[in-house]
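# Notes for the structure review
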Amino acid sequence: DIGGVRVVTTPTAAPPPPASPVPNAPLGSLISLDAARSRAPFPLRLPALPAGAPDRVFVQTPPDDGAFAFVWNDADSVADGQLVMTQFRGQRVATKTVDPTVTTIEEVSIDGAAGFWLSGGPHSIGYLYKDGTFRTETTRSVGDVLVWERSGVTYRVEGAADRDTALRIAASLR
């Protein structure tokens, strides 16, 4: 477990990826950066890389406090068109299910914080809802992702060109 994310390995557990990435897949409700900062019960942190404010900001529930997704389009550090950084607080609010025969799980460190780099194959992500039910998100294919926790907040970087770029983005949080 890393922060609010549990990584579970199960052969053939991840759904097959869609024929092509799902553009503008649901990340929650579109809100302004200022509204996200007002709504979040924890300080939201943005990376210095990529430079500039995110192009779009979303809030999604679960978790109860909200998951805040920041999206940059066409940044130099982006692999397939957009970089997504998600932040949320909580304990085991999300589970990533991966097939270890196609997805590699590598332990990494971000400024001394433990994290995972998941790469190679698609994986699903599911959320624990307030009513205790668990649901898997199947509306978008989740590719390579960096996950870590600091001060009770879980961070995800998805869409970075590679592991080293994702680690640089993570280390640039301010």
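The present account deals with the structure reproduced in this document. (Residues numbered from 1 in each chain as written. Predicted model: local features only at pLDDT ≥ 70, side-chain atom pairs only at ≥ 80, totals over all residues. Heavy atoms only, no water.)

A few words on the overall build of the protein. In terms of helices and strands, the protein carries two helices and 12 strands. Ordered by position from N to C terminus, the α and β elements of the protein give β-β-α-β-β-β-β-β-β-β-β-β-β-α. For the protein, the share of sequence-separated contacts (at least 6 apart) that also reach a separation of at least 24 residues comes to 63%. Surface exposure of the protein reaches about 8,300 Å², of which carbon and sulfur atoms provide 49%. (Helix = DSSP H or I, 4+ residues; strand = E, 2+ residues; numbered from the N terminus. Contact = heavy atoms within 4.5 Å. Areas by Shrake-Rupley, 256 points an atom, 1.4 Å probe, with all protein chains shown as cover.)

Here the focus is unusual backbone geometry. L49 connects to P50 through a cis peptide bond whose omega is -5°. Located in the positive-phi region is S151, a residue other than glycine, with phi close to 55°. For S151, the position within the fold is in the loop between β11 (145–150) and β12 (153–158).

The next point concerns the pattern of salt bridges. Oppositely charged side chains can pair when the atoms bearing their charge come close. Scanning all chains against the criterion turns up four salt bridges. Note that R163 and E106 form a salt bridge whose closest N and O atoms lie 3.3 Å from each other. Note that R163 is positioned in helix α2 (residues 163–171) and E106 in strand β7 (residues 104–110), a separation of 57 residues in sequence. Under the relative-accessibility criterion, R163 is labelled partly exposed at 29%. Ionic pairing is found between E158 and R156, a salt bridge with its closest N-O pair at 3.3 Å. By relative accessible area, R156 is classed as buried at 2%. Here the residues in one salt-bridge network are E106, R163 and D164, joined through shared partners. (Salt bridge = Lys/Arg side-chain N within 4 Å of Asp/Glu carboxyl O. Buried < 20%, exposed > 50% of the residue type's maximum accessible area, 1.4 Å probe, protein only.)

This part covers the packing of aromatic side chains. Each aromatic ring pair is summarised here by two numbers: the centre-to-centre distance and the angle between the ring planes. Scanning the entire structure with this criterion turns up two aromatic pairs. Centroid distance F42 to F68: 5.9 Å. Interplanar angle 75°. Geometry classified as edge-to-face. Placement of F42 in the loop between α1 (33–39) and β3 (56–60) and of F68 in strand β4 (residues 67–73) is noted, with a sequence separation of 26 residues between them. Each of the two residues, F42 as well as F68, counts as buried. (Phe/Tyr/Trp six-rings, centres within 6.5 Å; stacked < 30°, edge-to-face > 60°.)

Attention shifts here to the pairing of β12. Note on strand geometry: in a regular strand, side chains alternate between the two faces of the sheet. Of all six residues in β12, six are buried, a share of seventy percent or more. Of the two faces of β12, the one lined by V153, Y155 and V157 and the one lined by T154, R156 and E158 are each fully buried. Taken together, the six bridges between strand β5 (residues 82–89) and β12 define a ladder with antiparallel strand orientation. Its bridge partner lying in β12, F88 is registered against T154. Hairpin geometry of β11 and β12 is characterised by an intervening segment of two residues between the two adjacent antiparallel strands and by a positive phi of about 55° at S151. (Pairing = 2+ DSSP bridges.)

Restricting attention to buried positions, one finds in α2 the residues T165, A166, L167, I169 and A170. Residues of α2 that are buried sit in contact with β5, β7, β8 (113–119), β11 and β12. Two or three places before D164, at the start of α2, stands the capping residue D162, its side-chain oxygen 3.3 Å from that residue's backbone nitrogen. (Polar contact = N/O pair within 3.5 Å; in protein donor to acceptor, adjacent residues only side chain to side chain.)

Any link to function would need more than the numbers given here.
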